[in-house]
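# Architecture and fold: a report
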Amino acid sequence: MATFPPSLRRAHRLAPDFALLSPYRAFSVSSSVPTTNLSSLPPSPLPLEDSTTWHAWIYDSIPVQGMQGLLETMQDTTGFPWWASIVVSTLAFRVALLPIVRYQAHALARLAEAGPLLVALNQALSKRLDGIRPGDVKATTATCKTYAAGINAALKVHQVGLLAAVASPLVQLPVFITFALANRRMIDTSAPGLETGGLAWFEDLAEADPLLILPALCLGSTYMNLELGFARLHESQTILRFLKDNLQLLLILGAPVSSTLPAGVFVYWFTSSLYG
């Protein structure tokens, strides 16, 4: 009878039974295997958005998580209720944006100085277009190019750009969207204290205002801010007037959707609109 070295005998004992690994082998679960009662497990938190979608990528982006971290740090550091922490954070953001607001104010002042020249260019364009034979595309295109060059020259003379005139809204809108997403993320991650961190009739900042008072205040104050902010526009500044009118229309049309936002978002919105 053949004998094997001790190392081979050990390997044979440790080798797996390949018959047990066969996919055709019937098997049964032993009754000795412990089972877990699923009802005894603690409830798991609500999952966040599926990270494979683009809106989930924004939802979990660094700006949104950073905004959430700033709000939670403010609340933990000061010990204020959530509504007061949101107000203080909003005022801090608006103070940080003061240089941009000042830059926009200077740009609007320079744009107003360019108003008479822009009016003259508009009148010249209308008069020239009236004298062009209908269907003369070449002459119309050349006239519009000349008009555009005149507008650019007028803006350069007064050192103003159209984007500079709307710099503040262009910066504040992303900040508002980031705050709204951070507020929603705090709700989904069950940030402690939001349910009782409100005031008066909107005690639960994680839910929409049941009386719709906050949405009405925010929409009304924002509408008036747009009206007052663009009140000094010259009649020649048709682009900015078009922008103002469409922003106000967007506020009205979006009211049914915006009114469903959590009350915490409206605390930020109303504080920001009162600041101006």
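Residues numbered from 1 in each chain as written. Predicted model: local features only at pLDDT ≥ 70, side-chain atom pairs only at ≥ 80, totals over all residues. Heavy atoms only, no water.

### So, the overall build of the protein chain
Along the protein chain, the regular secondary structure elements total 13 helices and 0 strands. Counting over 276 residues, the protein chain shows a buried share of 29%. Considering only contacts within the protein chain whose residues lie at least 6 apart along the sequence, 71% involve residues at least 24 apart. As displayed, the protein chain has an accessible area near 18200 Å², and 67% of this comes from carbon and sulfur atoms. (Helix = DSSP H or I, 4+ residues; strand = E, 2+ residues; numbered from the N terminus. Buried < 20%, exposed > 50% of the residue type's maximum accessible area, 1.4 Å probe, protein only. Contact = heavy atoms within 4.5 Å. Areas by Shrake-Rupley, 256 points an atom, 1.4 Å probe, with all protein chains shown as cover.)

### Section: the packing of helix H3 (residues 62–78) against helix H4 (residues 82–96)
Relative placement of two packed helices is described by the angle separating their axes and the distance separating the axes. At a closest axis distance of 9 Å, the pairing of H3 and H4 adopts a crossing angle of 120°. By the angle between their axes, H3 is oblique relative to H4. The element H3 and its partner H4 pack so that their crossing is right-handed. Packed against H3, whose contacting residues are Met-67, Leu-70, Leu-71, Glu-72, Met-74, Gln-75 and Thr-78, the element H4 presents Trp-82, Ser-85, Val-88, Ser-89 and Phe-93 at the interface. (Axes fitted to C-alpha atoms, helices over the stretch in contact; angles between N-to-C directions. Parallel < 35°, antiparallel > 145°, perpendicular 65-115°, else oblique. Left-handed = near helix turned anticlockwise from the far one by under 90°.)

### Examining the packing of aromatic side chains
All told, the structure shown has 5 aromatic pairs when counted by the stated rule. Where Phe-179 meets Tyr-268, the ring centres are 4.3 Å apart and the plane angle is 20°; that geometry is what we call stacked. Of this pair, Phe-179 sits in helix H9 (residues 167–188) while Tyr-268 sits in helix H13 (residues 263–275), and the two are 89 residues apart along the sequence. Taken together, the aromatic side chains of Phe-176, Phe-179, Phe-266, Tyr-268 and Trp-269 make up a single cluster linked through ring pairs. (Phe/Tyr/Trp six-rings, centres within 6.5 Å; stacked < 30°, edge-to-face > 60°.)

### Observations concerning the pattern of salt bridges
Scanning the model with the defined rule gives 3 salt bridges in all. Between Lys-244 and Glu-227 there is a salt bridge, and its shortest N-O distance comes to 3.4 Å. One end of the pair, Lys-244, is in helix H11 (residues 238–253); the other, Glu-227, is in helix H10 (residues 213–229), with 17 residues separating them in the sequence. By relative accessible area, which is 9% here, Lys-244 ends up buried. For Lys-244, the salt bridge identified is with Asp-245, shortest N-O distance 3.3 Å. Where salt bridges share partners, they join Glu-227, Lys-244 and Asp-245 into one cluster. (Salt bridge = Lys/Arg side-chain N within 4 Å of Asp/Glu carboxyl O.)

### Digging into the nonpolar core
If you look at the biggest cluster of nonpolar residues, it comprises 25 residues, and the most contacted ones within it are Trp-82, Ile-86, Leu-194 and Leu-205. By residue number, the principal contributor to this core is H13, which donates 5 residues. If we skip the residues at most four places from it in the chain, Ile-86 touches Phe-179, Leu-205, Gly-264, Val-267 and Tyr-268. Residues Ala-114, Ala-154, Leu-155 and Ala-165 belong to the second largest nonpolar core, which totals 10 residues. (Core = buried A, V, L, I, M, F, W, Y, C linked by side-chain atoms within 4.5 Å.)

All quantities given are derived from atomic positions and should not be read as evidence of function.
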